[in-house]
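# Examining the three-dimensional arrangement
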Amino acid sequence: MGAEHDRVMGIANSFPMWLAAGIAIALALVQAFIFYKKSITAGKELGITEEQIKSARRSAFITSIGPSIVILSGVLALMVTIGGPMAWMRLSFIGSLMFEMMAAGFGTGATGVQLGVDPMTEAALGTAVWTMILGSIGWIIMSGLTTDKMSKIQDKFTKGNAAIVGIISTSALLGAFGALVAPHLLSMNANTVAAIAGAAIMLGLSMFEKSGKAPRWLKEWALAIALFGGMIIAVIAS
């Protein structure tokens, strides 16, 4: 996309960025280890046998393989636009490619740069990073302050109709992702082909999954299949 884009992506993939991301991920690993040790201790206090603990540990490991592959595909998709360190750190913390792409797109869009379409600038990269980070701080604050009160709030807000929560959240996500993908659909290039192909693949997989004939792992792998499928079709078409 040009010398300026290459220079900015060089900053995004520089050693200081890798170091900063590594420190943050190290803290997350320490936290996970502490939770793991405490869960083992609590399990033994509750009378859970060593064999049951080993079985649960083995099941958890196997179950995590599918989502981990999805996260890996997300890292590959995100690192192209904002660099490897931020993609590694953000998806290690949040684990949601959809949110990270949306936040990065909103950030670059505020500077007049369409994510994945226009050459990246320093201002766009900085704004994208801050948007991704600040956009998730609210989750931490809200979960810390309201977790023990959410059931009461939900009952009062929905008046006993839990389906309303699903409708509101789904509508918000559709609006946000629709705004994010619109520039790629209008660009009429390889991004357009990838967006349409990925959507078609995801629609087909969703219909297959709802038919009841799909294997259990398909729901976890659907995003990765749609991502790689869209990218492969775009490359072939171009």
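What this report covers is the structure whose coordinates are included nearby. (Residues numbered from 1 in each chain as written. Predicted model: local features only at pLDDT ≥ 70, side-chain atom pairs only at ≥ 80, totals over all residues. Heavy atoms only, no water.)

Before going further, it helps to examine the overall build of the chain. Secondary structure summary: the chain contains ten helices and zero strands in total. Along the chain direction, N to C, the helices and strands of the chain fall in the order α-α-α-α-α-α-α-α-α-α. With the C-alpha coordinates of the chain rotated into their principal frame, the extents come out at 65 × 45 × 40 Å. Here the chain holds 238 residues, and the buried ones make up 26% of them. Pairs at least 24 residues apart make up 63% of the contacts formed inside the chain by residues separated by at least 6 positions. Accessible surface, the chain as shown: approximately 14900 Å² in total, 72% of it carbon and sulfur. Here the chain contributes 16 positive and 12 negative side-chain charges, whose respective centroids are spaced 11 Å apart. (Helix = DSSP H or I, 4+ residues; strand = E, 2+ residues; numbered from the N terminus. Buried < 20%, exposed > 50% of the residue type's maximum accessible area, 1.4 Å probe, protein only. Contact = heavy atoms within 4.5 Å. Areas by Shrake-Rupley, 256 points an atom, 1.4 Å probe, with all protein chains shown as cover. Lys, Arg positive; Asp, Glu negative; His and termini not counted. Charge placed at Lys NZ, Arg CZ, Asp CG, Glu CD.)

Here the focus is the pattern of salt bridges. A complete count under the given rule lists two salt bridges for this structure. In this structure, glutamate 122 and arginine 7 form a salt bridge, with 2.6 Å as the shortest nitrogen-oxygen distance. Separated by 115 residues along the polypeptide, glutamate 122 in helix α6 (residues 122-146) and arginine 7 in helix α1 (residues 3-12) bring together distant segments of the chain. With a closest N to O distance of 3.2 Å, glutamate 100 and arginine 90 form a salt bridge. Residue glutamate 100 is found in helix α5 (residues 97-109), and its partner arginine 90 is found in helix α4 (residues 84-93); the two are separated by ten residues along the sequence. The class of arginine 90 is buried, set by a relative accessible area of 3%. (Salt bridge = Lys/Arg side-chain N within 4 Å of Asp/Glu carboxyl O.)

So, about the environment of isoleucine 133. Inspection of the secondary structure assignment puts isoleucine 133 in helix α6. Residue isoleucine 133 is classed as partly exposed on the basis of its relative accessible area of 26%. For the pair isoleucine 133 and isoleucine 94, spaced 39 residues apart in sequence, the C-alpha to C-alpha distance is 10.0 Å.

This part takes up α5. Helix length check: α5, at 13 residues, gives a terminal C-alpha distance of 18 Å against a target of 18 Å (1.5 Å per residue), a fit within 8%. The complete set of buried residues in α5 reads Leu97, Phe99, Glu100, Met102, Ala103, Ala104, Gly105, Gly107 and Thr108. (Expected span 1.5 Å × (residues − 1).)

Leu78, Ile82, Met89, Ala104, Met120, Leu125 and Met132 are the most contacted members of the largest nonpolar core, which totals 29 residues. Counting residues per element, the ones that place at least two in this core are α1, α2 (15-45), α3 (50-82), α4, α5, α6 and α8 (163-186). The residues touching methionine 132, leaving out its near neighbours within four places in the chain, are Leu78, Ile82, Arg90, Phe99, Glu100, Ala103 and Ala104. (Core = buried A, V, L, I, M, F, W, Y, C linked by side-chain atoms within 4.5 Å.)

Let us now look at α1. Taken residue by residue, α1 has His5, Val8, Met9 and Ala12 as its buried positions. The arc that holds the buried residues of α1, viewed along the axis, is 100 degrees, so those residues lie on one side. Projecting away from the buried face of α1 at angles above 90 degrees are the exposed residues Ala3 and Asp6. (Arc of directions from axis to C-beta.)

On the surface, Ile69, Leu72, Leu76, Met79, Val80, Phe228, Met231, Ile232 and Ile236 cluster together into a nonpolar patch covering about 790 Å² of accessible area. Elements with a minimum of two residues in the nonpolar patch: α3 and α10 (218-237). Per-element accounting of the nonpolar patch gives the leading share, five residues, to α3. Structurally, the position occupied by isoleucine 232 is in helix α10. (Patch = residues over 30% accessible without salt bridge, like charges linked within 9 Å, V, L, I, M, F, W, Y side chains within 5 Å.)

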